[in-house]
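Residue-level structural notes
Each chain, letter by letter, is given below.
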Amino acid sequence: MVSGNKKTPKLILVGAGPGDIELITIKATKALQSADVVLYDALANEELLTEYAPNAQHVFVGKRKGLHHVQQYYINKMIVKYARKCGTVVRLKGGDPFVFGRGFEEMEYAMKHGVDTSYVPGISSAFAVAPLAGIPLSIRGVNAGITIVTATASDGSLTEELQWAVAGKGTVIVLMGVSKLAEIAQMAAMHRGDSEMMAVISKGSQPDERKLFASASTIYQESMVQGIETPAIIVVGKVVAGALQLIKSQLAAAEIQRT
């Protein structure tokens, strides 16, 4: 909407998906095409900007570890500033902005400052990355629950929700947990046994994706050898063993065909 020559301040909070640009929704691409300014973070694939918002102003607002609280304050203010000055701001965030992102905080701040807001969901790494790597989140008869947790509380300790989830029996998807992998693996071994299978998937859905399957007793050491990098998710549960068995069967079948 335009009043005279001035555009109505507007924020569209958009989920960019886990990394592969083909995993963005049609609605998200339309939002990008309408943008006057795109504020994007480190987990949003920059190819989306050149593909769908070539004429918009692109502003990187990625955060550095340990400074999230301070930087979030400035991002909130930037959203309002650009919306008032330019019109439609698309805030492009990796995954889904409402799954352990600060999307709601940004929308709330914008609304309180008179900016129209809307939300476009994204495909979260919590739901997409493990299946893309061959690990189902559930297998009939194996698990009856899926828990998605973030690993670290604001004081740097492991979250209570993570501890409750690992102490249970279902599938656990851990976001932002690579720096705590040793503790998570130790917890899994204590509650589920040393042989409980785990997986770490780095840069899921992207060309340089790496995945590691190992037991709770060895996964941390193996991750150090392989140099697993962030962003990554951790999967704990019997679904990992099921997926690994299927992968081994497929490799064996392929070997038989070659001989």
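Quick caveat: nothing in here was measured; it's all calculated off a predicted structure.

1. Regarding the sheet that holds strand β10 (residues 197-202)
- Spatial strand order, β8-β9-β12-β10-β11: five strands in an open sheet with mixed pairing. One side of each edge strand has no neighbouring strand; the edge strands of this open sheet are β8 (146-150) and β11 (210-215). With strand direction ignored, the average angle separating the axes of adjacent strands in the sheet is 15°.
- As defined by bridge partners, strand β9 (residues 171-175) adjoins strand β12 (residues 232-236) across four bridges and the pair is classed as antiparallel. Residue pairing for β12: Ile173 is matched across the bridge by Val235.
- Contacts from helix α5 (residues 125-132) reach β8, β9, β10 and β12 within the one sheet, and its direction differs from that of β12 by about 75°.

2. Points about the sheet that holds strand β6 (residues 88-93)
- The strand order across the open sheet built from five strands is β5-β4-β6-β3-β7, with neighbouring strands paired in parallel fashion. Edge positions in the open sheet fall to β5 (57-60) and β7 (116-120), since each of these has one partner strand only. Neighbour-to-neighbour, the strand axes of the sheet open up by a mean angle of 20°, direction not taken into account.
- Across five bridges, the pairing between strand β3 (residues 10-15) and β7 is parallel. Bridging across to β7, Lys10 finds its partner in Asp116.
- Contacting β3, β4 (37-40), β6 and β7, helix α1 (residues 26-33) runs over the sheet at an angle of about 140° to β3.
- Along the sheet, helix α4 (residues 103-112) contacts β3, β6 and β7; its crossing angle with β3, the most-contacted strand, is approximately 175°.

3. Focus on the environment of Lys77
- Along the chain, the position of Lys77 falls in helix α3 (residues 68-86).
- On the basis of relative accessible area, Lys77 is assigned to the partly exposed category, the value being 38%.
- Lys77 sits 32 residues away from Tyr109 along the chain, and the two C-alpha atoms are 8.3 Å apart.

4. Comments concerning α4
- Turning to α4, its buried residues are Gly103, Glu106, Met107 and Ala110. The arc enclosing the buried residues of α4, seen along the axis, measures out at 95°, which places them on a common side. Summarising the geometry of α4, the exposed residues directed more than 90 degrees from the buried face are Phe104 and Lys112.

5. A short note on the packing of aromatic side chains
- This structure, assessed with the given rule, holds four aromatic pairs.
- Where Phe98 meets Phe104, the ring centres are 6.3 Å apart and the plane angle is 70°; that geometry is what we call edge-to-face.
- Take Phe98: its relative accessible area is 39%, and that puts it in the partly exposed class.
- For Phe104, a relative accessible area of 54% puts it in the exposed group.
- Aromatic side chains Phe98 and Tyr119 sit 4.2 Å apart centroid to centroid with 10° between the ring planes, which places their arrangement in the stacked category.

6. Things to note about unusual backbone geometry
- For the bond from Thr230 to Pro231, the omega torsion is 0°, close enough to zero to count as cis.
- Within the secondary structure, Pro231 is located in the loop between α8 (219-226) and β12.
- Despite not being glycine, Phe100 has its phi angle at roughly 55°, a positive value.
- By secondary structure assignment, the location of Phe100 is in the loop between β6 and α4.
- Residues other than glycine seldom take positive phi values, yet Ser205 does so here, at roughly 80°.
- In this fold, Ser205 is placed in the loop between β10 and β11.

What counts, and where the lines are drawn
Residues numbered from 1 in each chain as written. Predicted model: local features only at pLDDT ≥ 70, side-chain atom pairs only at ≥ 80, totals over all residues. Heavy atoms only, no water. Pairing = 2+ DSSP bridges. Helix = DSSP H or I, 4+ residues; strand = E, 2+ residues; numbered from the N terminus. Axes fitted to C-alpha atoms, helices over the stretch in contact; angles between N-to-C directions. Contact = heavy atoms within 4.5 Å. Buried < 20%, exposed > 50% of the residue type's maximum accessible area, 1.4 Å probe, protein only. Arc of directions from axis to C-beta. Phe/Tyr/Trp six-rings, centres within 6.5 Å; stacked < 30°, edge-to-face > 60°.

Limitation: the analysis is restricted to geometry and does not speak to function.
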